[in-house]
Amino acid sequence: MMAAVLFALAAAVAVGRPAEQGLNRLTPPRGMRTHQHGASLMVLTCMGVALVAALLGMRVAGWVVVCAVVGATVGWVVRLTRGDRLRNREKATAARAARTLALLLQAGQVPTRALEDAATDCPVLAPAALTGRLGGDIAAALQDSGRQAGREGLKRVAAAWHVSERTGAPVAAVLGGVAENLRQERHLSGVIAAELASARASGRIMALLPFVAVAVGTVVGAHPVAFLFGSWLGEVVLL
């Protein structure tokens, strides 16, 4: 019991707040904030496990850790999967918006009119179109829309629009190049995903192998479930 408490205190000291220097502590960078959040979460987890061990025993604390690891892993995988799908969908949306706007401009429409027409088919351009109707900075509005994850392509559209406004270069030609570049990047991403599909499938199979091994052991009469849940050594292996 005392050992668990000492372990939690040692973990708190080991992963304490990083050293802060000068005025950086007033505006810590994003990476430092993430590190501090992860360190705080680890300290709280260790203290919680130590408290459970002190109150209910090491065996119960071990099962708490097992459940926490499983839950955190499942949540992490689900969050990553949803994030990847959202980014891919937003990338496709940004590429389609750039392509639609470029085609309308190449057809000879006035830039602001082309932006409004493109916004009817691509809602991602609606804020920029509204800004244009109000006489605001369209490039800045496109830049703001491009800050969302997956919509980074709109920042290039904003840059092309800004260059055209400042230099008088034909915006249709510049946006056409941006749209083609985004299309090629999406094609390359598809090729990479196809090449990695077999490796990802192998990873999923490897993740399922422990469960397959337990099932095979049960079929042949080795009683792996009884070993994992009925003895302290099995519980350590399960952890």
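These numbers were taken from a predicted model, which means no experiment stands behind them.

A. Main features of the side chain of Glu90. By the element assignment, Glu90 lies in helix α3 (residues 58-106). Not counting residues up to four positions away in its chain, the partners in contact with Glu90 are Gln148, Ala149, Gly150 and Arg151.

B. Structural view of the environment of Leu51. For Leu51, the location among the structural elements is in helix α2 (residues 30-56). What makes Leu51 exposed here is its relative accessible area of 53%.

C. Fine view of the pattern of salt bridges. Overall, the coordinates contain seven salt bridges when judged by the stated rule. Arg87 serves as the salt-bridge partner of Asp84, at 2.4 Å between the closest nitrogen and oxygen. Here Asp84 pairs with Arg87, and both are found in helix α3, just three residues apart, close to one helical turn. Since its relative accessible area comes to 37%, Asp84 is described here as partly exposed. With a shortest N-O distance of 2.7 Å, Glu180 and Arg183 are connected by a salt bridge. In this pair, Glu180 and Arg183 are both assigned in helix α8 (residues 171-219), three residues apart and thus about one turn of the helix distant. Glu180 sits in the partly exposed class, given a relative accessible area of 29%.

D. Main features of a nonpolar patch on the surface. Where nonpolar side chains cluster on the molecular surface, the patch consists of Ile205, Met206, Leu208, Leu209, Phe211, Val212, Val216, Val219 and Val220 and spans about 950 Å² of accessible area. Among the structural elements, Val216 can be located in helix α8. A relative accessible area of 45% places Val216 in the partly exposed class.

E. Up close: the packing of helix α4 (residues 111-121) against helix α5 (residues 126-133). At a minimum axis separation of 8 Å, α4 and α5 run at an interaxial angle of 145°. As for the relative orientation of α4 and α5, their crossing is left-handed in sense. Within the contact between the two elements, α4 uses Leu115, Glu116 and Ala119 and α5 uses Ala126, Ala128, Ala129 and Arg133. In terms of residue class, the contact of α4 with α5 is built from five nonpolar, no polar and two charged.

F. The arrangement of the nonpolar core in detail. One finds Leu101, Leu115, Leu125, Leu142, Val157, Trp161 and Leu175 to be the most contacted residues of the largest nonpolar core, which totals 31 residues. Every element with two or more residues in this core is listed here: α3, α4, α5, α6 (138-145), α7 (153-167) and α8. With eight residues, the single largest contributor to this core is α3. Look past the residues within four positions of Leu115 in its chain and what remains in contact with it is Leu101, Leu125, Ala128, Ala129, Ile138 and Trp161.

G. Local environment of the side chain of Ser145. Within the fold, Ser145 resides in helix α6. Judged by its relative accessible area of 11%, Ser145 is buried. Here Ser145 is in contact with Val124, Pro127, Arg151 and Leu154, once residues within four sequence places are set aside.

H. Summary view of the confidence of the model for the protein. Taken over all residues, the pLDDT of the protein has a mean of 78, while the share at 70 or more is 76%. Note that residues 12-26 has pLDDT below 50 and, in this model, 10 contacts with residues that lie over four places away or in other chains.

Rules of the game
Residues numbered from 1 in each chain as written. Predicted model: local features only at pLDDT ≥ 70, side-chain atom pairs only at ≥ 80, totals over all residues. Heavy atoms only, no water. Helix = DSSP H or I, 4+ residues; strand = E, 2+ residues; numbered from the N terminus. Contact = heavy atoms within 4.5 Å. Buried < 20%, exposed > 50% of the residue type's maximum accessible area, 1.4 Å probe, protein only. Salt bridge = Lys/Arg side-chain N within 4 Å of Asp/Glu carboxyl O. Patch = residues over 30% accessible without salt bridge, like charges linked within 9 Å, V, L, I, M, F, W, Y side chains within 5 Å. Areas by Shrake-Rupley, 256 points an atom, 1.4 Å probe, with all protein chains shown as cover. Axes fitted to C-alpha atoms, helices over the stretch in contact; angles between N-to-C directions. Left-handed = near helix turned anticlockwise from the far one by under 90°. Nonpolar A, V, L, I, M, F, W, Y, C, P; charged D, E, K, R; others polar. Core = buried A, V, L, I, M, F, W, Y, C linked by side-chain atoms within 4.5 Å. pLDDT = per-residue confidence, 0-100.

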